Amino acid sequence: MSEHDAIVIGMGVGGEEVAGRLADGGLDVLAIERKLVGGECPYWGCIPSKIMVRAGDSLAEAARVTGLAGEAQIAPEWAPVAQRVREATADWNDEVAVERHEGKGETVLRGEARLVAPRTVEVDGRPFTARRGIVLASGTEPALPPVEGLKEVDYWTNRDAIETKEVPRSLVVLGAGPIGLELGQVFSRFGSEVTFVEVFEHALAYDEPEIGMAVADALRAEGIALHTGVRARRVRSIGDGVAVELSDGRSLNAERILVATGRKASLAELGLEAGGLDTDANLIEVDGHMRAGDGLWAVGDVTGKGQFTHVAVYQGRIAAADILGREHSPADYRAVPRVTFMDPEVASVGLTAKKAHEAGVNVSVGVAETKTTARGWIHGPGAEHGVIKVVADSERKILVGGSIMGPAAGDNVGFLGLAIKERIPIKNLRDLIYPYPTFIRGVEDALRELESS
Ligand SMILES: Cc1cc2nc3c(=O)[nH]c(=O)nc-3n(C[C@H](O)[C@H](O)[C@H](O)COP(=O)(O)OP(=O)(O)OC[C@H]3O[C@@H](n4cnc5c(N)ncnc54)[C@H](O)[C@@H]3O)c2cc1C
C-alpha cells in the first residue's frame, strides 16, 4: 500500500489549488486526475470560451463602426478562433500543468480514483492511503435535461462547442444561462442562426428580472431568437440536423443542438459510502473549513457553492490552510461574483432582491440605465441595453446585492462586492467621488435611486 500525507481526487482548478498549496507547505501529495490536469476551466470552460467570446465581440465592435466612424467590411472566419483555442489548450495536452505540479514535489497519477475505506482510495485496483486526509475535487459535468430522444441525437455540450472547427449553419441552444448565452451569441456572430429555448420566464433566470429582460432585448436586437417559459419536449434527427419539439407545440429545426441546461456533480463513481458521505446527495456538503467528513475535505463545483473558478480557488485556499493546521477565516459566500461574458457583459454579486426578500431582509432597490449615464450615452452602440441594480437592506442601510449589465461589468462588479462583503454603509458609498465619465457612475445613479425609493 502506497502512503502519502494527502490525496487530492480531481485536478481541476480547485484540486490544483489545494494540491499546490499542500506541496508548498511541505506535505507529500498524491494528485489523481482521470483526464487533464487543469480540469474544465482551461480546456473546455473559462479560457477557451472567453477566447471565442473575444472573437465574437471583435466582430460586433467592428460592426459598430457604422454610425460611429464610417464603414467597416467584416468577413467572419472561424479558423483563427479554432486555432487560438488549440493554442490555449495546447491541443488539450496537460504536460505543462503536470510538470508544474511534479516540480513542487507532488506525485501526479493518471486514473479514476474511488474511496474504498476511510483515508483510502483505489486507482485501477491499487490502494493509496492518506495520513492527513483526502480532498474531493471532482467537479461537474453537463446535466442532460429529460428530453425525449435527446440521447439518440448527436447533441453538443460545451466540450463539442469549444472543440468545433466549424460554425453550424443553425443552432438550437437548450438553456439561456451563462454557458448557453456566451457560446450561442458567439456562434450567432459567426453567422449561425441561433435560437434559445429557456424553461424559465427569463434568460439568466437566477439573476434579476431586469437583467433577464435586458438580455432578451440585446439578443433580439442582434437577430437571435429567444423562447422563454417553454421546454424542449422531444428531439429527433432529420436529414443533416435535428428537429426540436417544444412544449407549446412549436417545432424548431437546426443543424445542431447545444445542451447548456446546467451541470451536475461527478459523484457516481466516487465511492462516497466508504467515506461515510450521503450517496443520494447531488453535492458534497462542506462546513466553512471545507470539511466534508472525518479526514475528508471537498472543494470546487462539487460543493454547490457557486460553479466558478474563483470559488474553487477560494475554497482550495481554505482547505489547504485547514489541512496544514494554519490559521484561516472560514468561507464567506456573501459576495461571490457571477459574470456572464456575453455582450453586453452581465455581472452580479450577493443576493437578488427576491433572494434577499426570501432571506427575511427588508429590501429596497435602486435601478439605473447605462444609456442615461454620460458614459453610456457617449459609448452609444454596445451600451444601449445596460442596466444597474442595487439591492439594500433598508434597516441596516447596507447593500446585500447588486447587478451590472454593460461594458466592463465583470470588472466593475468588484466594487459592489467590496461594499457588500465589508458592509460599507450606503451613506459612505454615496459620499464617494466616482470618476467622470465612467460606467461605474451608473452605480452612483442606482444608489441615488435607492435613496429616493
Ligand atoms: C463553458 C464554460 C465556461 C465557463 N466559464 C467560466 C468563467 O468564465 N469563469 C468562471 O469562474 N468559471 C467558469 N466556468 C466554470 C468553471 O470551469 C468551473 O467552476 C471550474 O472548472 C470548477 O473547478 P473544479 O476544480 O471544481 O472542477 P473541474 O474543473 O470540473 O475539475 C474536476 C476534475 O476532476 C476530475 N475527476 C472527476 N472525478 C474523478 C475521479 N474519480 N478520479 C480522478 N479524477 C476525477 C475530472 O476529470 C476533472 O478534471 C465555466 C464552465 C464552462 C463549462
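Residues numbered from 1 in each chain as written. Predicted model: local features only at pLDDT ≥ 70, side-chain atom pairs only at ≥ 80, totals over all residues.

**Student:** What is the right way to look at the overall build of the chain in this model?
**Tutor:** When helices and strands are counted, the chain shows 14 helices and 22 strands. Its C-alpha atoms give the chain a radius of gyration of 23 Å, near enough to 22 Å, the size a compact globule of 453 residues would have. Expressed as a percentage of its 453 residues, the buried residues of the chain come to 49%. A fraction of 67% describes how many contacts in the chain between residues 6 or more apart in sequence connect residues 24 or more apart. (Helix = DSSP H or I, 4+ residues; strand = E, 2+ residues; numbered from the N terminus. Rg over C-alpha atoms; globule rule 2.2 N^0.38 Å. Buried ≥ 20, exposed ≤ 12 C-beta atoms within 10 Å, placed from the backbone. Contact = placed C-beta atoms within 7 Å.)

**Student:** When you look at the nonpolar core in this model, what are you seeing that I'm missing?
**Tutor:** Nonpolar side chains in soluble globular proteins tend to end up buried together. Within the largest apolar cluster, 132 residues are counted, with the highest numbers of intra-cluster contacts made by Val8, Val135, Leu136 and Ile257. Here this core gets seven residues from one element, more than from any other, and that element is helix 9 (residues 309-323). In this structure, leucine 136 is in contact with Ile9, Leu270, Ile284, Ala292, Leu296, Ala298 and Val302, ignoring residues within four places of it in sequence. (Core = buried A, V, L, I, M, F, W, Y, C linked by C-beta atoms within 7 Å.)

**Student:** Would you mind going over the domain arrangement of the chain with me for this structure?
**Tutor:** Interface extent is often summarised as the accessible area lost during association of the parts. Segmenting the chain into domains produces domain 1 (2-38 + 94-141 + 264-324), domain 2 (150-262) and domain 3 (337-452). For domain 1 versus domain 2, the separation of C-alpha centres amounts to 34 Å. (Domains from an automatic or database assignment.)

**Student:** Which parts of the structure should I look at to understand the environment of serine 403?
**Tutor:** Topologically, serine 403 is positioned in strand 22 (residues 398-405). Taking the number of C-beta atoms within 10 Å as the measure of exposure, serine 403 has 28 and is therefore buried. For the pair formed by serine 403 and alanine 19, sequence separation is 384 residues and the distance between their alpha carbons is 34 Å. Setting aside residues no more than four positions away along its own chain, serine 403 makes contact with Asp207, Glu208, Ile211, Ser348 and Lys389.

**Student:** Would you take a moment to explain the pairing of strand 4 (residues 113-117) for this structure?
**Tutor:** Residues in a regular strand point their side chains to alternate faces of the sheet. Bridge analysis of strand 4 against strand 5 (residues 120-123) gives four bridges, and the strand direction is antiparallel. Its bridge partner being in strand 5, arginine 114 is matched across the sheet by glutamate 122. Adjacent in sequence and paired antiparallel, strand 4 and strand 5 are bridged by two residues, among which arginine 119 carries a positive phi angle near 60°. (Pairing = 2+ DSSP bridges.)

**Student:** What should I look at first to understand the sheet that holds strand 20 (residues 363-369) in this one?
**Tutor:** Pairing between the strands of a sheet comes from backbone hydrogen bonds, and it takes one of two forms, parallel or antiparallel. Strand order in the open sheet made by the five strands is 18-19-22-21-20, with antiparallel pairing throughout. On the outer flanks of this sheet lie strand 18 (337-340) and strand 20, each paired with one strand and no other. In this sheet, adjacent strand axes meet at a mean angle of 15° when their direction is disregarded. Sheet strands touched by helix 8 (residues 209-221): strand 19 (346-350), strand 20, strand 21 (387-393) and strand 22. Its angle to strand 21, the strand with the most contacts, is close to 170°. (Axes fitted to C-alpha atoms, helices over the stretch in contact; angles between N-to-C directions.)

**Student:** Just to check I follow, could you spell out the site of the ligand for this structure?
**Tutor:** Taken together, 37 residues lie near the ligand, and Gly10, Gly12, Gly39, Gly139 and Gly300 sit nearest. Mapped by element, the contributors of at least two residues to the shell around the ligand are helix 1 (13-24), strand 2 (29-33), helix 2 (40-44), helix 3 (46-63) and helix 9. Class assignment for the residues of the shell around the ligand results in 13 nonpolar, 16 polar and eight charged. (Near = placed C-beta within 6 Å. Nonpolar A, V, L, I, M, F, W, Y, C, P; charged D, E, K, R; others polar.)

**Student:** How do you make sense of unusual backbone geometry when you look at a structure like this?
**Tutor:** Working note: non-glycine residues mostly have negative phi, and peptide bonds are mostly trans. Geometrically, the link from aspartate 343 to proline 344 is a cis peptide bond, its omega value of 5° lying close to zero. By secondary structure assignment, the location of proline 344 is in the loop between strand 18 and strand 19. Between tyrosine 436 and the following residue, proline 437, the backbone shows a cis peptide bond with an omega angle of -10°. Its place among the elements puts proline 437 in the loop between helix 13 (426-431) and helix 14 (441-452). Despite not being glycine, alanine 90 has its phi angle at roughly 50°, a positive value. Turning to its location among the elements, alanine 90 is positioned in the loop between helix 4 (79-88) and helix 5 (95-103). Residues other than glycine seldom take positive phi values, yet arginine 423 does so here, at roughly 50°. Structurally, arginine 423 is set in the loop between helix 12 (409-421) and helix 13.

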